[in-house]
Amino acid sequence: MADRRTYNVVILGLGFLFIFTAFTTCGNVEQTVVKSLGNSTFTGSGYHSLGIIYGVFSFSNLLAPTVVKVIGAKVCMFLSGLLYSGYIAVFIIPSTWSFYLTSVLIGIGAALLWTAQGEFLVENSEASTINRNTGMFWALLQCSMLFGNLYIYLDWNGKTDISESSRRNIFLFLLVASVLGALSFLVLRKSHNEEEMLSEEEGQSLLSARTMYKSRANSALQDAKSEFKTILQLLKTKTILLLSPCMAYSGLELAFYSGVYGTCIGATTHFGEAAKGLIGISGIVVGAGEIVGGGLFGLLCKNSRFRRTSVVFLGMVVHFIASYLIFLNIPADAPIVLETTTQQTPYLNPSVSIALLCSFLLGLGDSCFNTQLYSILGHIYAEESTPAFAIFKFIQSVSAAVAFFYSGYLMLMWQLLLMVILGFTGTLCFFVVERMQDFFVDSQEY
């Protein structure tokens, strides 16, 4: 049983590695690619596309548990992987209508993918292994930051313009990776709970396969209705309300490191011909920070309550340092410049070393917050994992959608200030929740 669960967690991580090698690389360069298109009929915006994705994703999360209950986590993840592949394919031959249509579809697919992932991870974990499995999955997932971005660096380094052939080759590579990720979900093994359900159905030999499936679907729909009611109930609880600022902050910084910061580096005039290639290096360094954080905080630390509070505090400090350095090092107009390069001068002479250090700190801090949010939700809501993870992704993605829509209009300094304020508030609220859990455990002992 333990070997099967470990196998499933590893395959789950590998599937996400392939899919998000495509999607995170796409998000990192999307606005830069869109600005470089010479097609006068294409009027899309990378920021708006990502905003649509996370906006649709947020509301789809409320219905995703229903679909996951009906057709199963494995099938949901496979179908979602195909939707991700469709979005990547649009960049091979761009058109505005397909660009925004697939943005909506991938938002729906992302809700199914992440809700199914949360349920599948909890099903294949125990209280003693949830932290290890979370860290293992997160580290594998963040390896996706490496390969696609390495391709970007090798292909774009020294180039000031992105040619049509270069764009097509990159997105064909990403499309293949995304399809491989979707196919990998087909080799996941059934969990113990699924095998018990199947054995009960096989025992009903007098019923046809169609009747058994219909009965199972009706039962799942009833469970899903109950899950939706649970979502509404959990949204009113003190614990979820207190964790909401931390979840919202994870959405702001997700938008910043995955779509905004790379665009800022690529638009910085002071980096010259190296600017476009640095987008890829920045993505790799962000991934390195994520991997270090996921491995260190997910696998090496054993004391759950102590680890969560300490790691979240570290994440806050790391992000505050990164925000201050970015404020000094990157031009204020970098995220909103209409042309390919900036016009303003930052406080410091822009340094590649400082820019990449900030990339690493962004990744490390993101890993701190996300691994601990997964951990605390899996710990507190072990019996209600699907609605709890759906709420997390709903709040996170609403915040990310808002961030992507304002990223094309707000100067860099105001974006950083918003993250600092919400990050501080979220960390304080996280500490209160941990204190509440400590008090609850202590009261049970007496």
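Residues numbered from 1 in each chain as written. Predicted model: local features only at pLDDT ≥ 70, side-chain atom pairs only at ≥ 80, totals over all residues. Heavy atoms only, no water.

Let me state the cut-off plainly: UniProt positions are given in the numbering used here, feature names are shortened, and annotations may be inferred rather than shown by experiment.
An unreviewed UniProt entry annotates the protein chain as UNC93-like protein MFSD11 of Oryzias melastigma. The annotation that UniProt attaches to the protein chain under Sequence similarities (unreviewed entry) is "Belongs to the unc-93 family."

Considerations on the packing of helix 3 (residues 64-71) against helix 5 (residues 96-123)
This is how it is decided: As a rule, the C-alpha atoms of each element are fitted with a line to give its axis, helices using only the stretch in contact, and angles between N-to-C directions run from 0 to 180 degrees. In this description a helix means any DSSP run of H or I spanning at least four residues, a strand means any run of E spanning at least two, and both kinds are numbered starting from the N terminus. A clockwise turn of the near helix away from the far one marks a right-handed crossing, whereas an anticlockwise turn of less than a right angle marks a left-handed crossing. In what follows, residue pairs with any heavy atoms lying within 4.5 Å of each other are defined as contacts. Think of it as three bins: nonpolar holds Ala, Val, Leu, Ile, Met, Phe, Trp, Tyr, Cys and Pro, charged holds Asp, Glu, Lys and Arg, and polar takes everything else, Gly as well.
Contact geometry for helix 3 and helix 5: axes closest at 9 Å, N-to-C directions at 65 degrees. Seen along the crossing, helix 3 lies across helix 5 with a hand that is right-handed. From helix 3, Ala64, Pro65, Val67, Val68 and Lys69 reach across to helix 5, where they touch Ala111, Leu112, Thr115, Ala116 and Glu119. Here the contact of helix 3 with helix 5 is built from residues that sort into seven nonpolar, one polar and two charged.

Let's talk about the packing of aromatic side chains
Note the cut-off: Between 30 and 60 degrees the pair is tilted, below 30 it is stacked and above 60 it is edge-to-face, where a pair is any two Phe, Tyr or Trp rings, Trp via its six-membered ring, whose centres lie within 6.5 Å. Each residue gets one of three labels from its accessible area relative to the maximum for its type: buried under 20%, exposed over 50%, partly exposed in between, using a 1.4 Å probe on protein chains only. Think of it as a cone above the ring: NZ of Lys or CZ of Arg counts as a charge over the ring if it is within 6 Å of the ring centre and within 35 degrees of the ring normal.
Per the counting criterion, the structure on display carries 23 aromatic pairs. Taking 5.3 Å as the distance between ring centres and 85 degrees as the angle between the ring planes, the aromatic pair formed by phenylalanine 23 and tyrosine 84 counts as edge-to-face. With phenylalanine 23 in helix 1 (residues 2-36) and tyrosine 84 in helix 4 (residues 73-90), this residue pair connects regions lying 61 residues apart in the sequence. Looking at phenylalanine 23, the relative accessible area reads 8%, which means it is buried. An aromatic cluster of three or more residues is present, and its members are Phe16, Phe20, Phe23, Tyr84, Tyr87, Phe91, Phe99, Tyr100, Trp114, Phe137, Phe171 and Phe185. A cation sits over an aromatic face here: lysine 393 above tryptophan 114, 4.2 Å from the ring centre.

As for the pattern of salt bridges
Rule in force here: For this analysis, a salt bridge means a side-chain nitrogen from Lys or Arg found within 4 Å of a carboxyl oxygen belonging to Asp or Glu.
A full pass over the atoms with the stated rule returns two salt bridges. Here arginine 308 and glutamate 434 are joined by a salt bridge, their closest N and O atoms 2.5 Å apart. You can see arginine 308 sitting in helix 13 (residues 304-329) and its partner glutamate 434 sitting in helix 16 (residues 412-445), a full 126 residues away along the chain. With relative accessibility at 2%, the residue arginine 308 sits in the buried group. Relative accessible area serves as the criterion here: at 1%, glutamate 434 is assigned to the buried category.

Here's the deal with the nonpolar core
The nonpolar side chains of a soluble globular protein tend to be buried, and buried together. Our working rule: The set of buried Ala, Val, Leu, Ile, Met, Phe, Trp, Tyr and Cys residues whose side-chain atoms join them within 4.5 Å is what this entry labels a nonpolar core. Boundary definitions for the domains trace back to an automatic or database domain assignment.
In terms of nonpolar packing, the biggest core is built from 116 residues, with Phe16, Trp114 and Phe171 touching the most fellow members. Tallying contributions element by element places helix 11 (residues 238-267) first for this core, with 16 residues. Built from parts of two domains, this core gets at least three residues from each of domain 1 (1-190) and domain 2 (226-435). In contact with phenylalanine 16, other than residues within four places in its own chain, are Thr21, Met77, Leu113, Trp114, Gln117, Phe137, Leu141, Ser144 and Phe185.

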